[in-house]
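# What the coordinates show
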Amino acid sequence: MILMNSLKKESAISTGTAFKLPTADAFAGIANYVDAVASKGFLSSLGYSTFITITSVVAILVCCSMCAWYITRVNSPISKILYYLFVFSMVVPFQMVMFTMSKLANMTHLNNPPGMVLLYLGFGSGLSVFMFCGFIKSIPLDIEEAAMIDGCNPLQTFFGVVMPILKPTAITVAILNAMWIWNDYLLPYLVIGLSTNYKTIPVVVQYLVGSYGAKDLGAMMALLVLSVIPIIVFYLTCQKYIIEGVVAGAVKG
């Protein structure tokens, strides 16, 4: 419906024909897409969304996989406490912490793209560590011991031996977090808001709402289509790893 209405004139959408195919009189062509690209802040928001998504996913993959490896291989009370803290964070609703989180983010000057990466790393670590731990338990310890006997230090063992084996789970974690971060509206709105220059695409959509609630529905639909294309392409490219990674990370071990 969004794709269909992105090709209509605004007057045709608002007159109750949103569920009909565009007629000759209602067809707007690419005019809505031109207006969406020319809208205030679209190109910069595309850059900020791309930076935040890619950087956050890379940070989650590296930090959470290393943390999961430590938790799984080091049998100590600290590692067990860490594991249960990560699991507990999965069941805490975001609404319980969003006000204190936004206040703390403003106090610590995290209301910028690097700060958003740090926040996404925190919120995305629960599920990511849980999935990595489940898969690492299935990796024979003998492989890592053989690498250490050959002279590898812990970092060389992890990045040279363990990380390549984690590929299915790592790709699954990357897909799930990329889809969440790219499409997320509430966290950027609370932390970055509408008053700064670091707006992501979901926040910029709000700028298409004019005074007294007036909306350019055609341009808004076109902007939504443009915003979902990158994540759909990414998902279709990597979708074959999702089930494999989820089963490996949540069932094995």
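Residues numbered from 1 in each chain as written. Predicted model: local features only at pLDDT ≥ 70, side-chain atom pairs only at ≥ 80, totals over all residues. Heavy atoms only, no water.

A word on the packing of helix α4 (residues 42–73) against helix α7 (residues 113–136). As a packed pair, α4 and α7 sit with axes 6 Å apart at the nearest point and diverge in direction by 40°. Considered as vectors, α4 and α7 are oriented oblique to each other. Classified by chirality, the crossing of α7 by α4 is right-handed. Its residues assigned to classes, the contact of α4 with α7 comprises 22 nonpolar, seven polar and one charged. (Axes fitted to C-alpha atoms, helices over the stretch in contact; angles between N-to-C directions. Helix = DSSP H or I, 4+ residues; strand = E, 2+ residues; numbered from the N terminus. Parallel < 35°, antiparallel > 145°, perpendicular 65-115°, else oblique. Left-handed = near helix turned anticlockwise from the far one by under 90°. Nonpolar A, V, L, I, M, F, W, Y, C, P; charged D, E, K, R; others polar.)

Attention now moves to helix α9 (residues 154–165). Helix length check: α9 (12 residues) gives 16 Å between terminal C-alpha atoms against 16 Å at 1.5 Å per residue, within 8%. Looking at α9, one finds that the buried residues are Thr157, Phe158, Val161 and Val162. Take α9 and look down its axis: the buried residues cluster within an arc of 125°, on one side only. Among the exposed residues of α9, those oriented more than 90 degrees off its buried face are Leu155 and Gly160. Where α9 starts, the residue carrying a side-chain oxygen 3.1 Å from the main-chain nitrogen of Leu155 turns out to be Asn153. (Expected span 1.5 Å × (residues − 1). Buried < 20%, exposed > 50% of the residue type's maximum accessible area, 1.4 Å probe, protein only. Arc of directions from axis to C-beta. Polar contact = N/O pair within 3.5 Å; in protein donor to acceptor, adjacent residues only side chain to side chain.)

The tally for this structure, following the rule as stated, stands at seven aromatic pairs. Here Tyr48 and Tyr198 contribute two aromatic rings whose centre-to-centre distance is 5.5 Å and whose plane-to-plane angle is 85°, an arrangement assigned as edge-to-face. Here Tyr48 is found in helix α4, whereas its partner Tyr198 is found in the loop between α11 (186–191) and α12 (201–204), with 150 residues between them in sequence. Among the residues examined, Tyr198 registers a relative accessible area of 32% and is labelled partly exposed. When the ring of Tyr185 is compared with that of Tyr189, the centres are 5.3 Å apart and the planes differ by 20°; the resulting orientation is stacked. A residue is classified by how much of its surface remains accessible, and Tyr185, at 29% relative accessible area, is partly exposed. Ring-pair connections join several aromatic residues into one group, and the members of that group are Trp69, Phe158 and Phe159. Of note, Lys137 hangs over the ring of Tyr83, and the distance from its end group to the ring centre comes to 5.4 Å. (Phe/Tyr/Trp six-rings, centres within 6.5 Å; stacked < 30°, edge-to-face > 60°. Lys NZ or Arg CZ within 6 Å of the ring centre and 35° of its normal.)

Right, let's get into the confidence of the model for the protein. This prediction gives the protein a mean pLDDT of 83; 89% of its residues lie at or above 70. Low pLDDT, under 50, characterises residues 249–253; the predicted model gives this stretch 11 contacts beyond four residues in sequence or across chains. (pLDDT = per-residue confidence, 0-100. Contact = heavy atoms within 4.5 Å.)

Counting 42 residues, the largest nonpolar core has Met116, Leu119, Phe132, Leu166 and Leu187 as the members making the most contacts within it. Of all elements in the fold, only α4, α5 (77–91), α6 (98–107), α7, α9, α10 (167–183) and α11 reach the threshold of two or more residues within this core. Per-element tally for this core: the top contributor is α7, with 11 residues. The next biggest cluster of nonpolar side chains, apart from the first, holds nine residues, and it includes Phe42, Val204, Val205 and Met220. (Core = buried A, V, L, I, M, F, W, Y, C linked by side-chain atoms within 4.5 Å.)

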